[in-house]
Every structure is written in C-alpha cells, then in structure tokens.
2 protein chains.
Amino acid sequence: MAENTALPLVLLAEKFAQLPGIGMKSAQRLAYHVMTMSDEDVKAFSEAVLNAHYHVHTCSVCMNFTDRERCPICEDSERDHGIICVVESPRDISAFERTREYKGVYHVLHGLISPIDGITPDRLRIKELLSRIDSGTKEVIMATNPTVEGEATAMYVSKLIKPLGVKVTRLAFGLPVGGSLEYADEVTLFRALENRNEI
Amino acid sequence: MAENTALPLVLLAEKFAQLPGIGMKSAQRLAYHVMTMSDEDVKAFSEAVLNAHYHVHTCSVCMNFTDRERCPICEDSERDHGIICVVESPRDISAFERTREYKGVYHVLHGLISPIDGITPDRLRIKELLSRIDSGTKEVIMATNPTVEGEATAMYVSKLIKPLGVKVTRLAFGLPVGGSLEYADEVTLFRALENRNEI
C-alpha cells in the first residue's frame, strides 16, 4: 500500500499478510473489507480471534484443541480408549471423524519431526503419548501424512512404543479411491501392488 | 468443522469464512493458525482490526480512507486540485499512485451503479463529487473499471457534470502493455483500432 493510505489500514493489511496462504494483495483486500463491515461485525470478529486464542487449549489427554479440560472424544465412554490414532494436527481429527467409522481415540503430536525446520522429537507431544499408554492400550495407529516427515515421525514414535508391548500399525498406502491408475505415481502404485488384498 | 472441535475455534473459522475470497477450508486453517500465534501477535492482530475500523474514515473532500480529517493527497498543495480522477474504490488510488505520473486529485465513489445488486446512484458518493466541483475545476477523469457497471457509472456521472461546464474525460481503452494481440478479446481489439494514434 502506498504512503497515501491511512496507517491503521496499512498495519492491518500487514497483519493479514502474516497469516498462512494470504498474500499482500489479498491482505489489502481484506483490510479494505474490514472498513465496510458493521461495528458489531468488526467487534465480533476481533473477539472471536481473542476468544479462540485465550479460551481454547489442548486436551489434557490427547492434546486436541478444546475449551474444556478434556475434549469430547476423550470424555466419550462409548469410544474405545484402547485404540489410539496418532495424528499430526487437530485438523486431521476432523478428517477421521468425517469417515464416521473410527471409534477409537486420538493423540495429536502438533507437528512432525523435521530437522531442516528445526523440529526435533522433543518439540512434539511424544512424551504425553508414551505416558498415556497403559495395560488397557491395545493398538496405536500411526496416522501421520505419507510424506518424508510423516514417515520418519511414524518410525520414530513406533520404535518408542514397541518396547512397551503394544501393537503399532500404520495407515495403508495405495490408490486413492476414485483416482486413476494412469495418474498414480510409481511409489504409490508399487505400494498398492505390494499391499494387494485377496478379493 | 465437526462437533468435536472447540466451539470458539468453530466460531472463529466462521468469522474468517465471512471475509471475501476465504473459503471454509482456508478459514479453518486460519483459525488453527491463530492457536499457534503468540499472545502478543494475537492481541496485535485483534487491535489492528479494531484500529482500522474505528480510526479510519473517509476524507471530507475526496472520500478516500484516512485517519485524518483530510487525506494526504487532498492536503498536498503541490498537486493540481483542478483535475479530479473519479474512481470506484480507495484501492484504485493506490494503483494510480504507483504510476507516479498523475498529479491531480481523486474522488472515490465507493461503488459502481449496479441495479441488479441494488446499488442505485444515491448509494454512491456522487453528491459529494458534484458539490466539490467549482470554478477551479478544469477536468474530471472518469476512471471506473472497463466493465458494464463501470461504463454505466461513468456515463451517469458525466451527464451530471457536463452541464456544470467542466470537461469530462474517460480512460483510454486499448491493448494492455506487454500483452499479446493473439489473446486480446474482440471488443478490446476494436477499441484499440478505433482509438489508434499517429506515430
């Protein structure tokens, strides 16, 4: 924004531009949009930001975001607390819940091991995962992304859990449902072949 | 977001999704990002929103956004106050200022006439434009977008100004600089031919 723009607008655009996936052009558009919002809408937006940040924290059991002490999933006695699905972020939980098939509980690592980005295992919530594994734990499912970091994290965590005598599994690799063989990369295709099932 | 997500996070995502150009997926990502921001950053962001909305208003002369009574351009005695460039929004002023060639002043209409969207001429800052035109005004440049609404607005406003004895001009249509003839649409090409200049 040029120097003829009002300073508070420039500052707001800079704040928007710091958010992920928002470039300077979009940030300017958003800042101008705030000018056209009603007083109530602006107040509500500003309060929503503060509320989310100050009233939401991690569940004391699974590290998912919640505004209570324990999240609804950990509080749910109908779920199988012996099966723990380990994910990278709270967003992944939403993805699993949408399948409506998974009845176990979760554990959020809040990141993946990535030495390049300076994310070492002690920065993740691995300690919290190990401390909640007890005699009632039947299986730990490593559900990190099928990327280098996701694979490395799954391997690292599973090596820590196996000595505890708990079964550790990994999500299946294969063709995406509805996808096309033609567009599948070689590694995916190899994994799909390797993990083929009898029909 | 599923019902297992903390309510303040769901509410924040909904607020983000109300902003222009932000879908539900991006809104969720932004809401989760707020959780990872520091306390100071969240406070600064929230205050930037409120500051922009409450401390920025329209310039009493040209209707551009400013945090003073008159904007820096209207206050600038070195600019030619006899030439008024009429634009749709404050963003357009930034675009003109980047050319560093225009030395006149501006007038922001804050919209374009669009009956379909219920935007009638009285919703625009046309009255304010007419009232600032005086014996010192030499030219009014209609610099609205080359769209149906932009053209209609330029025609409407020019018909109101011409009786005041002031010259009204329109931005030139033609090929975009650096563009390719091959990709120019017929209307643009026709206008470029029609408005050809001797070299």
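As a reminder, the structure under discussion sits directly above these lines.
The sections below set out a description of the structure shown in this document.

Cut-offs used in this document
Residues numbered from 1 in each chain as written. Chains lettered and ligands numbered in written order. Predicted model: local features only at pLDDT ≥ 70, side-chain atom pairs only at ≥ 80, totals over all residues. Heavy atoms only, no water. Helix = DSSP H or I, 4+ residues; strand = E, 2+ residues; numbered from the N terminus. Buried < 20%, exposed > 50% of the residue type's maximum accessible area, 1.4 Å probe, protein only. Polar contact = N/O pair within 3.5 Å; in protein donor to acceptor, adjacent residues only side chain to side chain. Contact = heavy atoms within 4.5 Å. Buried area = accessible area lost by both parts, 1.4 Å probe. Salt bridge = Lys/Arg side-chain N within 4 Å of Asp/Glu carboxyl O. Core = buried A, V, L, I, M, F, W, Y, C linked by side-chain atoms within 4.5 Å. Pairing = 2+ DSSP bridges. Right-handed = clockwise from strand over helix to strand, strands pointing away. Disulfide = S-S within 2.5 Å. Least-squares fit on C-alpha atoms with pLDDT ≥ 70 in both. 1 Å grid on protein atoms, 1.4 Å probe; cavity = no way out; pocket = protein on both sides within 12 Å on 5 of 7 lines; lining within 4 Å. Points joined across faces, edges and corners; volume = space filled by probe spheres on them. Nonpolar A, V, L, I, M, F, W, Y, C, P; charged D, E, K, R; others polar. Phe/Tyr/Trp six-rings, centres within 6.5 Å; stacked < 30°, edge-to-face > 60°.

Some words on the side chain of Arg79(A)
All names here are of chain A.
Item 1. Mapped onto the secondary structure, Arg-79 falls in the loop between helix H4 (72-75) and strand E3 (80-87).
Item 2. Overall, Arg-79 belongs to the buried group, its relative accessible area being 12%.
Item 3. In this structure the side chain of Arg-79 is engaged in a polar contact, spanning 2.9 Å, whose partner is the backbone oxygen of Gly-104.
Item 4. Setting aside anything within four residues of it in sequence, one finds Arg-79 in contact with Ile-73, Glu-97, Tyr-102, Lys-103, Gly-104, Val-105 and Tyr-106.

Remarks on the interface of chain B and chain A
Item 1. Each partner contributes to the interface: chain B provides 50 residues, whereas chain A provides 50 residues.
Item 2. Summing both sides of the interface, chain B and chain A together bury roughly 4,700 Å²; the carbon and sulfur share of this comes to 71%.
Item 3. On inspection of chain B and its partner chain A, the count reaches zero salt bridges.
Item 4. Here chain B and chain A share five residue pairs in polar contact (both at pLDDT 80 or more) between them.

Examining the nonpolar core
Item 1. Ranked by internal contacts, the top residues of the largest apolar core, which has 42 residues, are Phe16(A), Phe45(A), Phe16(B) and Phe45(B).
Item 2. Only helix H1 (7-17), helix H2 (24-36) and helix H3 (39-55) of chain A together with helix H1 (7-17), helix H2 (24-36) and helix H3 (39-55) of chain B provide two or more residues apiece to this core.
Item 3. Setting aside residues no more than four positions away along its own chain, Phe45(B) makes contact with Lys15(A), Phe16(A), Leu19(A), Phe45(A), Val49(A), Phe16(B) and Met37(B).

Points about the pairing of strand E4 (residues 104-108) of chain A
Residues and elements named next belong to chain A.
Item 1. E4 sits mainly inside the fold: five of its five residues count as buried.
Item 2. One ladder, built from five bridges, connects E3 with E4; its direction is parallel. Bridge pairing links Asp-80 to Gly-104 in E4.
Item 3. Crossover handedness for the path E3 to helix H5 (residues 90-99) to E4: right-handed.

Digging into the state of the cysteines
Item 1. Going through the model one piece at a time under the given rule, you end up with zero disulfides over all chains.
Item 2. Cys62(A) provides the cysteine sulfur closest to Cys71(A), a residue in no disulfide bond, and the two sulfurs are 3.6 Å apart.
Item 3. Between Cys62(B), a cysteine without a disulfide, and Cys74(B), which holds the nearest cysteine sulfur, the sulfur-to-sulfur distance is 3.6 Å.
Item 4. With relative accessibility at 2%, the residue Cys62(B) sits in the buried group.

Notes on H1(B)
Item 1. All of the buried residues along H1(B) are Pro8(B), Leu9(B), Val10(B), Leu12(B), Ala13(B) and Phe16(B).
Item 2. Looking at the packing, one finds that the buried side of H1(B) touches H3 and strand E2 (65-66) of chain A together with H2 and H3 of chain B.

Examining the relation of the copies chain B and chain A
Item 1. Superposing chain B onto chain A requires a rotation of 180° together with a translation of 0.0 Å along the rotation axis, leaving an RMSD of 0.1 Å. Such a turn and shift between the copies fits a two-fold axis. No C-alpha of chain B lies nearer the rotation axis than that of Ser46(B), which sits 2.5 Å from it.
Item 2. When you check the interface residues of chain B against chain A, 100% turn up at the interface there too, and the contact is symmetric in its surfaces.

Some thoughts on the layout of surface pockets
Here the idea is plain: a probe the size of a water molecule rolls over the atoms and shows the empty space left.
Item 1. The space that makes up the largest pocket amounts to roughly 580 Å³.
Item 2. The set of elements that each furnish at least two residues to the lining of the largest pocket consists of H2 of chain A together with strand E1 (57-58) and helix H5 (90-99) of chain B.
Item 3. Counting residues per element, the lining of the largest pocket draws most heavily on H2(A), at five residues.
Item 4. By residue class, the composition of the lining of the largest pocket is nine nonpolar, nine polar and six charged.
Item 5. Put simply, the second largest pocket is a space of about 480 Å³.

Description of the side chain of Thr137(B)
All names here are of chain B.
Item 1. Within the secondary structure, Thr-137 sits in the loop between helix H6 (126-132) and strand E5 (139-142).
Item 2. Residue Thr-137 is classed as buried on the basis of its relative accessible area of 9%.
Item 3. Not counting chain neighbours up to four residues away, the residues in contact with Thr-137 comprise Gly-82, Ile-84, Arg-132 and Val-166.

Considering unusual backbone geometry
Item 1. One non-glycine residue with positive phi stands out, namely His110(A), at about 60°.
Item 2. Structurally, the position occupied by His110(A) is in the loop between E4 and helix H6 (126-132).
Item 3. One non-glycine residue, Arg100(B), adopts positive backbone phi at about 60°.
Item 4. Counting through the fold element by element, Arg100(B) comes out in the loop between H5 and strand E4 (104-108).

A look at the pattern of salt bridges
Where charged atoms from two side chains of opposite charge approach closely, those side chains can pair.
Residue and element names in this part refer to chain A.
Item 1. One pass over the full model with this rule turns up eight salt bridges over all chains.
Item 2. Between Arg-79 and Glu-97 there is a salt bridge, with its nearest N and O atoms 2.9 Å apart. In this pair, Arg-79 is assigned in the loop between H4 and E3 and Glu-97 in helix H5, connecting sequence segments 18 residues apart. As far as the burial class goes, Arg-79 and Glu-97 line up, both buried.

A closer look at the packing of aromatic side chains
Item 1. With the rule as written, the count across this model stands at eleven aromatic pairs over all chains.
Item 2. Judged by centre distance (6.2 Å) and plane angle (50°), the rings of Phe96(A) and Tyr106(A) are tilted. Here Tyr106(A) lies in strand E4 and Phe96(A) lies in helix H5, a separation of ten residues in the sequence. In terms of burial, Phe96(A) and Tyr106(A) fall into one category: buried.
Item 3. Considering the side-chain rings of Tyr102(A) and Tyr106(A), the 5.2 Å spacing of their centres and the 55° angle between planes classify their relative orientation as tilted.
Item 4. An aromatic cluster is built from Phe16(A), Phe45(A), Phe16(B) and Phe45(B), whose rings are joined through pairwise contacts.

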